[in-house]
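# Coordinate analysis (summary)
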Amino acid sequence: MKRVLFLFMIFITTYANAISWSQLKSWGNKDIEPDVKYNIETEGYNVRVYEFTPLSDPGSTCIMTFTNEKMGMFCFNKSKDAVKRDK
């Protein structure tokens, strides 16, 4: 019985270490899907791009770029001629 309890405690401890503090803090947050996501072909970098509409400002668009090393974000007002995409 002690052996089973010991193995259970090891499993729980290992699993608890896998959960980061940032994951626990954002556990109840709402997830949104990006409006558009795509990759940009570059030499030496895997650039992933996500475009989304912020929930707090539907008149804006934000673009986030990610590589293996860096992340960047830029937001701007939507133009009247913005392309409407079906989800």
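Scroll up to find the structure.
A brief look at the structure comes next. Keep in mind that what you see is a predicted model, and the values were worked out from it rather than measured. (Residues numbered from 1 in each chain as written. Predicted model: local features only at pLDDT ≥ 70, side-chain atom pairs only at ≥ 80, totals over all residues. Heavy atoms only, no water.)

Scanning the model with the defined rule gives two aromatic pairs in all. With centroids separated by 5.8 Å and ring planes inclined at 75 degrees, the aromatic side chains of Tyr50 and Phe66 adopt a geometry described as edge-to-face. Pair noted here: Tyr50 is in strand β2 (residues 46-52) and Phe66 is in strand β3 (residues 60-66), with a separation of 16 residues, a long-range link. Judged by its relative accessible area of 30%, Tyr50 falls in the partly exposed class. For Phe66, a relative accessible area of 24% puts it in the partly exposed group. (Phe/Tyr/Trp six-rings, centres within 6.5 Å; stacked < 30°, edge-to-face > 60°. Helix = DSSP H or I, 4+ residues; strand = E, 2+ residues; numbered from the N terminus. Buried < 20%, exposed > 50% of the residue type's maximum accessible area, 1.4 Å probe, protein only.)

This next bit is on the state of the cysteines. Put plainly, two cysteines are in a disulfide when a covalent bond ties their sulfur atoms together. A full pass over the atoms with the stated rule returns one disulfide. What pairs with Cys62 in a disulfide is Cys75, and their sulfur atoms sit 1.9 Å apart. Across the S-S bond of Cys62 and Cys75 the torsion is about 110 degrees, and the bridge reads as right-handed. Taken together, the residues Cys62 in strand β3 and Cys75 in strand β4 (residues 71-77) connect sequence positions 13 residues apart. The class for Cys75 is partly exposed, based on a relative accessible area of 37%. (Disulfide = S-S within 2.5 Å.)

Strands sit in the order β1-β2-β3-β4 across an open sheet of four strands; the sheet is antiparallel. On the outer flanks of this sheet lie β1 (36-41) and β4, each paired with one strand and no other. Neighbour-to-neighbour, the strand axes of this sheet turn through a mean angle of 20 degrees, independent of strand direction. Alignment of β2 against β3, held across five bridges, turns out to be antiparallel. What sits directly across from Tyr50, in β3, is Met64. (Pairing = 2+ DSSP bridges. Axes fitted to C-alpha atoms, helices over the stretch in contact; angles between N-to-C directions.)

Moving on to the environment of Phe74. Topologically, Phe74 is positioned in strand β4. For Phe74, a relative accessible area of 55% corresponds to the exposed category. Linking Phe74 and Cys62, residues 12 residues apart in sequence, is a C-alpha distance of 5.6 Å. Apart from residues no more than four positions distant in its own chain, Phe74 is found in contact with Thr61, Cys62 and Ile63. (Contact = heavy atoms within 4.5 Å.)

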